[in-house]
Amino acid sequence: MKARVFVSYKSTVLDPQGQTVCAALRGLGHRTISDVRQGKVFDIAIADGVTREEAHKEIETIAHEILANPVIEEYRVEIVD
Amino acid sequence: MKFGVIVFPGSNCDHDAFYAVTTNLGQKAEYIWHDSPSLGDVDAVILPGGFAYGDYLRCGAIARFSPVMGAVGKFAAAGGLVMGFCNGFQILVEAGLLPGALIRNRGLKFVCREVRLRTETVHSPFTNAAQEGQILRLPIAHGEGCYFADGRTLDELDAEDRVLFRYMGNPNGSLGDIAGILNRERNVMGMMPHPERASDPLMGSTDGLTIFQSVLHAVVRA
């Protein structure tokens, strides 16, 4: 089993990297792009014998306490088979 | 008095801080390794600048789980004086000992230059030797020094007189031009500029010494 955690800045936090990427894309002629937010993704492998519920609970804890800083970031957890 | 200087793998201002409080301030100091479970008999603790644990994940995010941070948390809870400069500030916010967060500079560049800071409060163990409104010249050197906190936290910092320093000419996009703050109990402080790099006449400014002298006054008086 594998888990994937997406971490990105909250919408209220300035993301200068995303803004710079957005400006560059538009400069290259991609005029349909109106905004870019940059984030991180963590692919996590889970040991055999762990139930889906246990894995989800543990990854939620890790995401909340370590992978994301709730002051500035939000996260989303996906369990993938 | 005796200062403790925490050394994380990747700290690089630990020797500067040690030099400032011993040679420049004339006090005792000792290095405390990151896996030490206790702080010994120090009167105040410095979390120095650098790139603790490579600043992987987020600046300070891994360092906050060091064994020594448990001891720093207990020391702070018991009223001990804790200072975080630059990376040390980032570690203190990640550890939740100070509010807010430090994110990528608005201009995306690492900024390394001297800045001018206005002293916003002298009612703290870290600024009692300064004059109200005193301008300090100190260097900054950081890529992630943009102070961020939600509106409620910023209002609280203002209302409780917990902003220590504001930039004159904001170099990194920090909200409210905030360069340094206090916790609610006023015994933990963090600031992005480097007082330890401006404590010896050779360095062009000795304004940083004001902060160490304040700590000395606070400890001797106690």
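See the structure shown above.
Residues numbered from 1 in each chain as written. Chains lettered and ligands numbered in written order. Predicted model: local features only at pLDDT ≥ 70, side-chain atom pairs only at ≥ 80, totals over all residues. Heavy atoms only, no water.

S.K.: Describe the overall build of chain B, naming the residues involved and giving the relevant values.
M.R.: Regarding its fold elements, chain B presents 5 helices and 11 strands. Its C-alpha atoms give chain B principal-axis dimensions of about 40 × 40 × 35 Å. Taken over 222 residues, chain B has a buried fraction of 60%. Excluding contacts between residues fewer than 6 apart, the proportion of contacts in chain B whose partners are at least 24 apart in sequence is 74%. Surface accessibility of chain B: about 8600 Å² in total, with carbon and sulfur atoms responsible for 53%. Of note, chain B has its 19 positive side-chain charges centred 3 Å away from the centre of its 23 negative side-chain charges. (Helix = DSSP H or I, 4+ residues; strand = E, 2+ residues; numbered from the N terminus. Buried < 20%, exposed > 50% of the residue type's maximum accessible area, 1.4 Å probe, protein only. Contact = heavy atoms within 4.5 Å. Areas by Shrake-Rupley, 256 points an atom, 1.4 Å probe, with all protein chains shown as cover. Lys, Arg positive; Asp, Glu negative; His and termini not counted. Charge placed at Lys NZ, Arg CZ, Asp CG, Glu CD.)

S.K.: So what's going on with unusual backbone geometry? Residues and values would help.
M.R.: Residue and element names in this part refer to chain B. Residue Leu57 is not a glycine yet carries a positive backbone phi of 75°. Even without being a glycine, Asp161 presents a positive backbone phi close to 60°. By secondary structure assignment, the location of Asp161 is in the loop between α4 (151-159) and β9 (163-168).

S.K.: Tell me about the interface of chain A and chain B, and please be specific about residues and values.
M.R.: In this assembly, 17 residues from chain A lie in contact with 13 residues from chain B. Counting the surface lost from both chain A and chain B, the interface buries some 1300 Å², and carbon and sulfur atoms represent 65% of this. For the chain A face of the interface with chain B, the top three residues by lost area are A:Leu14, A:Pro16 and A:Ile66, together amounting to 32%. Inspection of the chain A/chain B interface yields 1 salt bridge. Across the salt bridge formed by B:Arg58 and A:Glu73, the nearest N and O atoms sit 3.6 Å from each other. Inspection of the chain A/chain B interface yields 5 residue pairs in polar contact (both at pLDDT 80 or more). Put simply, the parts of the chain that give the side of chain A that touches chain B at least two residues each are α1 (16-27), β2 (39-45) and α2 (52-67) of chain A. (Buried area = accessible area lost by both parts, 1.4 Å probe. Salt bridge = Lys/Arg side-chain N within 4 Å of Asp/Glu carboxyl O. Polar contact = N/O pair within 3.5 Å; in protein donor to acceptor, adjacent residues only side chain to side chain.)

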